[in-house]
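Close look at the chain arrangement
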Amino acid sequence: MQTPHPGSPPLPEWLGQRLRAAGGSVPFRDYMEWVLHDPDHGAYGSGRLAIGPRGDFATAPSLGAEFAQLLAPQVAQWLALLPAESPLALVETGPGEGQLAQQLAEALHTGWPELAGRTELVLVEPNAGMARRQRQRLLGCPLPVRWIDFDALARAPLRGVVLAHEVLDALAIERIERREDRWCRQHVVLRGEGLSLEAAEPLAGPVLDQLGSLGLLPLDGSRPEGWCSELHPGLEPWLAACAGALVAGWLLVIDYAHEARRYYAPQRSAGTLMAYRRQQACDDPLREPGQWDLTAHLCLESLEAAARAGGWQPLGGCRQGEALLALGLASRLHALQQEPACRLAELLQRRESLLRLVDPAGLGDFRWLAFRRDRSVEGRPSTSGDRPLFLSAPSL
Ligand SMILES: C[S@@+](CC[C@H](N)C(=O)[O-])C[C@H]1O[C@@H](n2cnc3c(N)ncnc32)[C@H](O)[C@@H]1O
C-alpha cells in the first residue's frame, strides 16, 4: 500500500467526488485517465501542463528546430515512396505545444516543396486545452492543417506518415502488484481525506494469458511480495486506430522504452511510472492529482505485439542517438564550427541542444521504432526502398 506524499495539499474536491461515486476505489488506469485527461481538471485536459525547458518538462522538439530538421528527410523519404500526385498526410498524434508539427512543416516546405505541396498536416489531440495552444502556434503554418479526433482518424483513408512522439508513454497504464502469490491489479483507494495505492482483484483471463504468452513476467511467483510494474492495455486499440487511418504509409514511434527483460527485471521493483512538473521528477503518482504529468516507459515486446495485432508490420528500430547520427547530426555539429564567432552565444546554445538530443543518459536513449502499413498489398514483405533512413549507418 502506498500512501499520499507527505505535505501534499488536500485531495481535490472533484477527485474525491469522482472516487466516491465509483465506490471509493478505481483501477489505477482510470485514475491516470482522469488526472491527465479530465477536460476541466486533468493536467493535459485543462491545458495546464506546459512543455519546454521553461515549462514542466522538455521534449526534443521543445529544444529547437534542429530535431525536426533532422527528422524531415526520414518523413520525406517515406512520403516520396507513395504514389506520385496522390494527396499526402503527415499525421501527428499528441502534438503537445505544436512545435514538432510546425517545425516539420517548415522543413518540408523548404527542402521538399513538391511533396509539401501535396501534404496536409493532420493533428490528433484529445485534449482541448492543448489543441487551443496548437492552433495558436500553427496560425502561420506553410501546410494546410486540420485537427481530427481519434474516432475519425480510425476511419480516415489517408496515405502518409503517422508520428507518435512522446505520446504512447502518456496512455493510461494498468499497475500490477505481486500479492499473496498472485498478480493483482492496483487500485487507487480513497482513505479518509487522502488516497492510497493498493493491490485489489487478482488478474485473470486474457490479461494473465497475454503475460504468459508474451513471456513478459514469470507467472511462477518468482517476484517478491509487493513487487509491482505496469501493463499497457491501451496500446493495441490505439495502434489499431492509427492503422485504420492509413491506406498506405508508415508509423514512427519515438519514446522511452525498455526490452521486457529490463522492464520486468527483478530489481525494477516499482516499474517505470514517474510524475513530472516544473522540471522536477517524482515517483509518487498520487501527488497533487491533475497537476503533474504521469508517464510510463513502453515495453518493446508489448509494443511490437500490439502493433502486429493492430495491422502494422515492424521495420526495426534503434536508439535516438543512433538515429540522429544516421540522419546527419554530426555534420550539423561540425558545421557550427564554420559559423562566424560573433554569434558565439547562439552557436553554443545550438551545440548544447544537439548534444542533448543524443545524450545516452537522456533523450539519446529514446527508441525510434518504424512500422509499415499497406492495405492494398497486405502481407507483402517490405522492400529495400522503404528501409528507414534512420537505420542506415551513421553519417559522421
Ligand atoms: C508528452 S506530450 C508530447 C508532446 C509532443 N509530441 C512533444 O514531444 O513535444 C503528450 C501529448 O499527447 C497528448 N495525448 C495524450 N493522450 C493522447 C492520446 N490518447 N492520443 C493522442 N494524444 C494524446 C497530450 O495531450 C499531449 O499533447
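Residues numbered from 1 in each chain as written. Predicted model: local features only at pLDDT ≥ 70, side-chain atom pairs only at ≥ 80, totals over all residues.

Things to note about the overall build of the chain
- For the chain, the helix and strand inventory stands at 14 helices and 17 strands.
- Computed over C-alpha atoms, the radius of gyration of the chain comes to 22 Å, within 12% of the 21 Å expected from 2.2 N^0.38 for 396 residues, which places it in the range of a compact globule.
- Along the first, second and third principal axes, the C-alpha set of the chain runs to 60 × 50 × 35 Å.
- In the chain, which comprises 396 residues, the share counted as buried stands at 42%.
- Taking as baseline every contact in the chain between residues at least 6 positions apart, the subset at least 24 positions apart corresponds to 77%. (Helix = DSSP H or I, 4+ residues; strand = E, 2+ residues; numbered from the N terminus. Rg over C-alpha atoms; globule rule 2.2 N^0.38 Å. Buried ≥ 20, exposed ≤ 12 C-beta atoms within 10 Å, placed from the backbone. Contact = placed C-beta atoms within 7 Å.)

Some words on the packing of helix 13 (residues 329-336) against helix 14 (residues 344-358)
- Put simply, helix 13 and helix 14 touch, their axes get as near as 10 Å, and they point 160° apart. Looking at the two axes, helix 13 sits roughly antiparallel to helix 14. Seen from above, helix 13 lies across helix 14 with left-handed handedness. Between helix 13 and helix 14, the residues in contact are L329, R332, L333 and L336 and L347, R350, R351, L354, L357 and V358, respectively.
- Looking at side-chain class alone, the contact of helix 13 with helix 14 contains seven nonpolar, no polar and three charged residues. (Axes fitted to C-alpha atoms, helices over the stretch in contact; angles between N-to-C directions. Parallel < 35°, antiparallel > 145°, perpendicular 65-115°, else oblique. Left-handed = near helix turned anticlockwise from the far one by under 90°. Nonpolar A, V, L, I, M, F, W, Y, C, P; charged D, E, K, R; others polar.)

Regarding helix 8 (residues 205-214)
- Taken across its ten residues, helix 8 has zero buried, putting it largely on the surface.
- G215 sits one or two residues past helix 8 and shows a positive phi near 65°.

Some words on the packing of helix 9 (residues 235-245) against helix 11 (residues 300-310)
- Packing of helix 9 against helix 11 leaves a shortest axis separation of 8 Å and a crossing angle of 45°. Between helix 9 and helix 11, the interaxial angle falls into the category oblique. In the packing of helix 9 onto helix 11, the handedness of the crossing is right-handed. In this structure, helix 9 uses L235, E236, L239, A240 and A243 to contact helix 11, whose residues at the interface are S302, L303, A306, A307, A309 and G310.
- By residue class, the composition of the contact of helix 9 with helix 11 is eight nonpolar, two polar and one charged.

Let's talk about the sheet that holds strand 10 (residues 246-255)
- A sheet is described by the order of its strands in space; here seven strands give the open sequence 4-3-2-5-10-17-16, paired in mixed fashion. Single-partner strands in this sheet number two, and they are strand 4 (145-148) and strand 16 (313-319). Taken over all neighbouring pairs, the strand axes of this sheet differ in orientation by 20° on average, direction set aside.
- In this sheet, strand 5 (residues 158-165) lies alongside strand 2 (residues 88-93) in parallel orientation, the contact comprising five bridges. Across the sheet, the residue bridging to V91 is V162, located in strand 5.
- The strands touched by helix 3 (residues 66-80) are strand 2, strand 3 (119-124), strand 5 and strand 10; relative to strand 5, the strand with the most contacts, the crossing angle is about 155°.
- Contacts from helix 4 (residues 99-111) reach strand 2, strand 3 and strand 5 within the one sheet, and its direction differs from that of strand 3 by about 170°. (Pairing = 2+ DSSP bridges.)

Comments concerning the pairing of strand 2
- For strand 2, the buried fraction is high: six of the six residues fall into the buried class.
- On strand 2, burial covers both faces: L88, L90 and E92 on one face and A89, V91 and T93 on the other are all buried.
- Pairing geometry for strand 2 and strand 3, over six bridges, is parallel. Counted as the bridge partner of T93 is V124 from strand 3.

Some points on the environment of P126
- Along the polypeptide, P126 turns up in the loop between strand 3 and helix 6 (128-137).
- The spatial distance from the C-alpha of P126 to the C-alpha of D149 is 6.4 Å, given a sequence separation of 23 residues.
- Beyond its immediate sequence surroundings of up to four residues, P126 is in contact with H37, D149 and F150.

Comments concerning the sheet that holds strand 12 (residues 274-277)
- With antiparallel pairing, the three strands of this open sheet are ordered in space as 13-12-14. Of all the strands in the sheet, just strand 13 (280-282) and strand 14 (293-295) have a single pairing partner and so form its edges. Geometrically, the sheet is characterised by an average inter-axis angle of 30° between neighbouring strands, direction not taken into account.
- The sheet contact formed by strand 12 and strand 13 spans three bridges and is antiparallel. Along strand 13, the bridge assignment pairs A275 with C282.

Brief notes about the site of the ligand
- Taken together, 21 residues surround the ligand, and among them Y44, T59, G94, G96 and N127 come closest.
- Residue composition of the shell around the ligand, by class: eleven nonpolar, eight polar and two charged. (Near = placed C-beta within 6 Å.)

Here's the deal with helix 11
- Among the residues making up helix 11, those that are buried are S302, L303, A306, A307 and G310. Here the buried residues of helix 11 occupy an arc of 130° about the axis, which is enough to place them on one side.
- In the segment just after helix 11, G311 is the residue with positive phi, at about 105°. (Arc of directions from axis to C-beta.)

As for the environment of D30
- Relative to the helices and strands, D30 resides in helix 2 (residues 28-37).
- C-beta crowding within 10 Å serves as the criterion here: with 17 such atoms nearby, D30 is assigned to the partly exposed category.
- Sequence spacing of D30 and E174 is 144 residues, and the spatial spacing of their C-alpha atoms is 8.7 Å.

Here we look at the pairing of strand 10
- Counting buried positions along strand 10 gives eight out of ten residues, so the element sits mostly inside the fold.
- In this sheet, strand 10 lies alongside strand 5 in parallel orientation, the contact comprising eight bridges. Each bridged residue has a counterpart across the sheet, and for R159 the counterpart in strand 10 is A248.
- Pairing of strand 10 with strand 17 (residues 367-374) involves eight bridges; the strand directions are antiparallel. Pairing of A248 across the sheet is with D374, part of strand 17.

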